[in-house]
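Given next are the chains, with one letter for each unit.
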Amino acid sequence: MTLKAENAAWFAETFGKLTDNVGQALLGKSSVIRLALTCMLAEGHLLLEDAPGTGKTALARAIAATVQGTHSRIQFTPDLLPSDITGVTMYDQKRSQWEFHKGPIFAHIVLADEINRASPKTQSALLEVMEESHVTVDGTRYDQERPFMVIATQNPIEQAGTYRLPEAQLDRFLMKTSVGYPDRAASLEVLAGSANPDRAKSLRPLIATKAVAEMADMVKDNYVDESVLDYVQRLVEATREDGETTLGVSTRGAISMVRAVRVWAAAHGRNYALPDDVKQLAAPCWTHRLVMSPEAEFSGATATAVIARALDNVQPPRERAAS
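Residue indices follow the written sequence of each chain, beginning from 1 at its first position. pLDDT decides what is reported in this predicted model: residues at 70 or higher carry local features, side-chain atom pairs at 80 or more are listed and counted, and totals for whole chains, interfaces and linings draw on all residues regardless. Side-chain numbers come from the whole structure's heavy atoms, not from hydrogens or water.

Chemist: Explanation requested: the overall build of the protein in the structure shown.
Modeler: Scanning the protein from terminus to terminus reveals 14 helices and 11 strands. Both definitions apply: the radius of gyration is a C-alpha atom measure, and the globule rule equals 2.2 Å times residues to the power 0.38. The C-alpha atoms of the protein give a radius of gyration of 20 Å, which matches the 20 Å a tight globule of 323 residues would have. For the C-alpha atoms alone, the extent of the protein along its principal axes is close to 70 × 50 × 45 Å. Burial status follows relative accessibility: with a 1.4 Å probe on protein chains alone, a residue under 20% of its type maximum counts as buried, one over 50% as exposed, and anything between as partly exposed. When burial is assessed residue by residue, the protein has 49% of its 323 residues classed as buried. Intrachain contacts of the protein at a sequence separation of at least 6 include 79% that bridge at least 24 residues. The Shrake-Rupley method, run with a 1.4 Å probe, gives the accessible areas here. Residue values count only the displayed protein chains as cover. Accessible surface, the protein as shown: approximately 15900 Å² in total, 51% of it carbon and sulfur. Put simply, the protein has 34 plus and 40 minus side-chain charges, and the middle of one group is 4 Å from the middle of the other. Helix and strand definitions here come from DSSP, where helices need a minimum of 4 consecutive H or I residues and strands a minimum of 2 consecutive E residues; each element is numbered from the N-terminal end. Residue contacts follow a heavy-atom distance rule, with two residues in contact if any of their heavy atoms lie within 4.5 Å. Counted as positive: Lys and Arg. Counted as negative: Asp and Glu, with His and the chain ends omitted from the count. Lys charges are placed at NZ, Arg charges at CZ, Asp charges at CG and Glu charges at CD.

This is the structure we're talking about:
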């Protein structure tokens, strides 16, 4: 059943209210907030590559407060173990039975801070839960509640003692972006309220987590024409055939784009997607999925340039596909 126009209008209005509410804690960053909310409603995960002190934690806490959800923060370090994330099964001597103690991954919004500081073994503990929304410990499956989003951060400046995220891990993130520093006006407002720097504490929830899950289900019916799907596929193939890449956008990356496009279109009040939606989301959805060839990387080529070249070379559809 296709998303109705009136439902798309309600979705856009609610999306705008959520953006404004989160924006009270993260001033001057509405574009980043809209990407993060799009990620959540597309039931994906967000990777933030940014310097310390730019508001990454504030973003996660503000989203959790806005949707009346739980929030946890995991500080990734070299000695962090997989069980420190997922939880551990312990024997209760009083009750004479084994009990599972849930780890911090069991929250609606999980901030994985400096994810690249943990070992690959620990990073791999996130693969199952990010892809399938459940954790398996000692052969027992534990389901995540909805909504569920991991907001992971990594510092691009300081690389000492870090482990590069493997391609399989990067591909689990629906989007990658950065918060960046606020402009002067927003910075002055932040400084004026420095006596109470944690603005997320004062946020009131606007929507229940059950309603967020219903919004995510609703937007799955948003219409994406076959011509737009073909445009996405042609862009994907262009990244694979580019001479500067050894690995282009995966099939998972193409699927993630379509999921994000459905939400992005509804957030703009439309019950149908446009090629422009794909163009706007191409960089945050795909740049982290590309693997550049060593020669191209040495010469200064970037994944962003590959995506831009694909958008220039692949013509968007001008009309709907014939039914």
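Still to come is the rest of the account.
Chemist: I keep staring at the state of the cysteines and nothing clicks. Help me out?
Modeler: In a disulfide, the sulfur atoms of two cysteines are covalently bonded to one another. The term disulfide is used for any two cysteine sulfur atoms that are within 2.5 Å. Applying the stated rule across the entire model yields zero disulfides. For the unlinked cysteine Cys39, the closest cysteine sulfur is that of Cys285, found at 7.4 Å. By relative accessible area, which is 0% here, Cys39 ends up buried.

Chemist: I tried to follow empty space enclosed by the protein on my own but got confused; where do I start?
Modeler: Empty space left among the atoms is revealed by rolling a probe the size of a water molecule over them. Site definitions follow a grid-based scheme: protein atoms alone, a 1 Å grid, a 1.4 Å probe that fits but cannot get out for cavities, and for pockets an open set with protein on both sides within 12 Å along at least five of seven lines, plus lining residues having an atom within 4 Å of a point. Grid points are joined across faces, edges and corners, and a volume is the space filled by probe spheres set on the points. By the definition in use, this model includes one cavity of 30 Å³ or more. Volume-wise, the largest cavity comes out at about 30 Å³. Taken together, Met40, Glu43, Arg146, Pro147, Val212, Ala213 and Ala216 make up the lining of the largest cavity. A per-element tally of the lining of the largest cavity places helix α9 (residues 209–219) first, with three residues.

Chemist: Honestly, a nonpolar patch on the surface in this entry has me stumped. Any pointers?
Modeler: Patches here are clusters of residues that have more than 30% relative accessible area and form no salt bridge, with a 9 Å joining cutoff for like charges and a 5 Å cutoff for nonpolar side chains (Val, Leu, Ile, Met, Phe, Trp, Tyr). By convention in these notes, a salt bridge is any Lys or Arg side-chain nitrogen within 4 Å of a carboxyl oxygen on Asp or Glu. On the surface, Tyr223, Tyr272 and Leu274 cluster together to form a nonpolar patch covering roughly 250 Å² of accessible area. Its place among the elements puts Tyr272 in the loop between α11 (251–267) and α12 (275–286).

Chemist: How should the nonpolar core be read in this particular structure?
Modeler: Judged by nonpolar contacts, the single largest core of 71 residues is most densely connected at Leu59, Ile63 and Trp286. Here this core gets 10 residues from one element, more than from any other, and that element is α11. Residue contacts for Leu59: discarding those within four places in its chain leaves Val22, Leu26, Val32, Ile33, Ala36, Leu46 and Leu48. Think of a nonpolar core as a cluster: buried Ala, Val, Leu, Ile, Met, Phe, Trp, Tyr and Cys residues, connected wherever their side-chain atoms sit within 4.5 Å. By size, the runner-up hydrophobic cluster in this structure holds 24 residues, among which are Val110, Ala112, Val150 and Leu170.

Chemist: In this structure, what is going on with the sheet that holds strand β9 (residues 175–177)? I would like to understand it.
Modeler: Sheet strands line up and pair through hydrogen bonds in the backbone, either parallel or antiparallel. For two strands to be treated as a pair, DSSP must find no fewer than two bridges joining them. Ordered in space as β2-β5-β8-β1-β9, the five strands form an open sheet in which the pairing is parallel. Of all the strands in the sheet, just β2 (71–75) and β9 have a single pairing partner and so form its edges. The sheet shows a mean angle of 20 degrees between the axes of neighbouring strands, direction not considered. Note that β2 and strand β5 (residues 109–113) share five bridges and pair parallel. Counted as the bridge partner of Arg73 is Leu111 from β5. Whenever a helix is involved, its axis is fitted only over the stretch in contact; in every case the axis is a line through C-alpha atoms, and angles between N-to-C directions fall within 0 to 180 degrees.

Chemist: What is the right way to look at the layout of surface pockets in this model?
Modeler: In this structure, the largest pocket encloses a volume near 570 Å³. Listing elements by their share of the lining of the largest pocket, those giving two or more residues are α7 (167–170), β11 (291–292) and α14 (303–313). Under this grouping Gly is polar, as are all residues other than the nonpolar Ala, Val, Leu, Ile, Met, Phe, Trp, Tyr, Cys and Pro and the charged Asp, Glu, Lys and Arg. Considered class by class, the residues forming the lining of the largest pocket number nine nonpolar, nine polar and five charged.

Chemist: Can you walk me through the packing of aromatic side chains in this structure?
Modeler: Think of a pair of aromatic rings as described by two things: how far the centres are apart, and how the planes are tilted against each other in angle. Pairing of aromatic rings covers Phe, Tyr and Trp, the last counted by its six-membered ring, and requires centre-to-centre distances within 6.5 Å; plane angles under 30 degrees mean stacked, over 60 mean edge-to-face, and any other angle means tilted. Under the definition given, this model contains four aromatic pairs. Ring centres of Phe11 and Phe15 lie 6.3 Å apart, and the angle between their planes is 20 degrees; on these two criteria the pair is classed as stacked. With a gap of four residues between them, Phe11 and Phe15 both fall in helix α1 (residues 5–23), about one helical turn apart. Considered together, Phe11 and Phe15 belong to a single accessibility category, that of buried residues. Between Phe100 and Phe106, the ring centres sit 6.0 Å apart and the planes meet at 75 degrees, which makes this aromatic pair edge-to-face. You can call Phe100 buried: its relative accessible area is 18%. Given a relative accessible area of 16%, Phe106 falls into the buried group. Criterion for a charge above a ring: Lys NZ or Arg CZ within 6 Å of the ring centre, and within 35 degrees of the ring normal. We note Arg34 situated over the ring of Trp264; from NZ or CZ to the ring centre the distance is 5.9 Å. Positioned over the ring face of Tyr272 is Arg270, at 5.8 Å from the centre of the ring.

Distances and angles like these do not, on their own, reveal function.
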